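Chain by chain, the residues run as shown.
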Amino acid sequence: MMLSFHPCFASDAQIILADRKLSPDDRRLIRGADAIILPQTCSFALYKACAASKALLFPDYEVRFKYPGKVGQSILFEQLRIPHPATKRWLSMRKFREALKVAGRTPHEMPFFLKADKSHEGEGVFLASDEQSLEAALVRLERIGPDRFISQERIPCQGNVLRAVVLHKRIITYWKRSDPSQGAISTVSHGARVDKKWRPLLQDKAKAQAQWICEKTGINLAAFDFVYNMEQEASQPFILEINYYFGRVGLGGSLRYYRLLLKAIQDWLKERGLDPKTVQLV
């Protein structure tokens with residue numbers, strides 16, 4: 001039996017969980033499922049219940065919940081030795097301020113970034129370029145909460161961030177390009193434009209890096225953000241973050257994205273000897 005928790009995909013059984021907790025009937029269906037399709041808004045409680053069953057799960061969210069947030073991802077990048085900007089983890093604002101006072105200097109050369117642990121699509125990300133902007137960033141981070149955050153070296157990418165979207169075994173890349181004079185955050189929601197053709201060799205390098213990460217982690221649905229040091233000819237891709245819930249503009253909009261995702265799910269089912277036609281886009 002095929003079970004879907006995704007609101008856009010119907011199957012033998014479909015559960016639209018929304019904000020409610022799992023019911024006894026929901027748990028019965030989970031126990032009887034051969035495979036389960038999870039939503040991208042999957043909670044830890046839902047994942048835990050499904051992972052405890054004998055069902056196959058798509059997407060594979062083990063790494064998502066084992067290494068949560070930017071703090072968790074920075075640990076993952078270190079453990080796998082994935083090239084990434086120099087990053088420090090801070091468990092509280094008090095510890096950051098104490099370290100600043102003891103060292104008498106900032107943890108990275110200015111300018112550098114401060115990023116809230118759970119920030120998404122550029123929200124909760126602040127550039128500290130001097131003492132005044134650093135203090136303003138710290139005050140805003142305190143308002144956002146929770147306490148954990150990271151500080152991170154700024155790679156001179158000149159406003160260009162390369163996104164690699166993983167859909168099972170397919171990887172689609174495109175640039176998010178913005179005018180550096182408009183700010184240091186390159187996101188489509190903040191005015192960056194999508195460019196699918198610029199610097200194809202750099203796109204290929206990031207795609208290869210994303211594929212390697214997926215092979216090591218089992219990730220099969222996510223968007224990786226990479227940057228390059230544009231001041232160096234032979235720069236390697238530096239990973240910034242893994243987004244498990246991401247925008248669809250660069251993929252051609254929501255409808256095209258769901259069609260791509262349907263194909264990914266059906267290919268995944270077929271590879272496991274299950275009927276791909278049991279899942280349909282609604």
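About the thresholds
Per chain, the residues get numbers from 1 upward, laid out in the order the sequence is written. Only residues with pLDDT of 70 or above have their local features reported here, since the model is predicted, and side-chain atom pairs are shown and tallied only from 80 upward, although totals for entire chains, interfaces and linings are computed over all residues. Water and hydrogen atoms play no part in the side-chain values, which are based on all heavy atoms of the structure. Two strands pair under a simple rule: DSSP has to find at least two bridges between them. Runs of H or I in DSSP of at least four residues are treated as helices and runs of E of at least two as strands, each being numbered from the N terminus. Every axis in this analysis is a line fitted to C-alpha atoms, fitted for helices over the stretch in contact. Angles between the N-to-C directions lie between 0 and 180 degrees. Residue contacts are counted whenever heavy atoms from the two residues lie within 4.5 Å of one another. Here a Phe, Tyr or Trp ring, Trp counted by its six-membered ring, pairs with any other such ring whose centre lies within 6.5 Å, and the pair is stacked when the planes are under 30 degrees apart, edge-to-face when over 60, and tilted otherwise. Only protein chains enter the calculation, and the probe is 1.4 Å; a residue is then buried if its accessible area is under 20% of its type maximum, exposed if over 50%, and partly exposed in between. The criterion is that NZ of a Lys, or CZ of an Arg, lies within 6 Å of the ring centre and within 35 degrees of the ring normal, and then a charge sits over that ring. Just to be clear on terms, a salt bridge is a Lys or Arg side-chain nitrogen sitting within 4 Å of an Asp or Glu carboxyl oxygen.

Engineer: Which residues make up the sheet that holds strand S6 (residues 87-90), and what are the values?
Structural biologist: With respect to topology, 4 strands assemble into an open sheet ordered S6-S9-S7-S8, the strand pairing being antiparallel. Across the chains shown, the open sheet's two edge strands, defined by having one partner strand only, are S6 and strand S8 (125-128). Geometrically, the sheet is characterised by an average inter-axis angle of 20° between neighbouring strands, direction not taken into account. Those strands touched by helix H4 (residues 69-80) are S6, strand S7 (112-116) and strand S9 (149-153), and its axis lies near 135° from that of S6.

Engineer: Tell me about the packing of aromatic side chains, and name the residues and values.
Structural biologist: In total, this model carries 13 aromatic pairs according to the counting rule given. Judged by centre distance (6.2 Å) and plane angle (45°), the rings of tryptophan 175 and tyrosine 228 are tilted. With tryptophan 175 in strand S11 (residues 170-177) and tyrosine 228 in the loop between strand S13 (221-227) and strand S14 (238-243), this residue pair connects regions lying 53 residues apart in the sequence. Grouping residues by exposure puts tryptophan 175 and tyrosine 228 together as buried. Taken together, the ring pairs in this structure connect Phe44, Tyr47, Tyr61, Phe65 and Tyr244 into an aromatic cluster. The ring of phenylalanine 113 has lysine 115 lying over it, and the distance from NZ or CZ to the ring centre is 5.4 Å. When the ring centre of tryptophan 198 is taken as reference, the NZ or CZ atom of arginine 177 above it lies at 3.7 Å.

Engineer: Run through the pattern of salt bridges, naming residues and quoting values.
Structural biologist: Applying the stated rule across the entire model yields 13 salt bridges. Between glutamate 98 and arginine 94 there is a salt bridge, with the nearest N and O atoms lying 2.9 Å from each other. In this pair, glutamate 98 and arginine 94 both sit in helix H5 (residues 93-103), 4 residues apart, roughly one turn of the helix. Across the salt bridge formed by glutamate 135 and arginine 97, the nearest N and O atoms sit 3.1 Å from each other. With glutamate 135 in helix H6 (residues 131-144) and arginine 97 in helix H5, this residue pair connects regions lying 38 residues apart in the sequence. The class of glutamate 135 is partly exposed, set by a relative accessible area of 36%. Each of Arg163, Lys176 and Asp225 takes part in one network of salt bridges that share partners.

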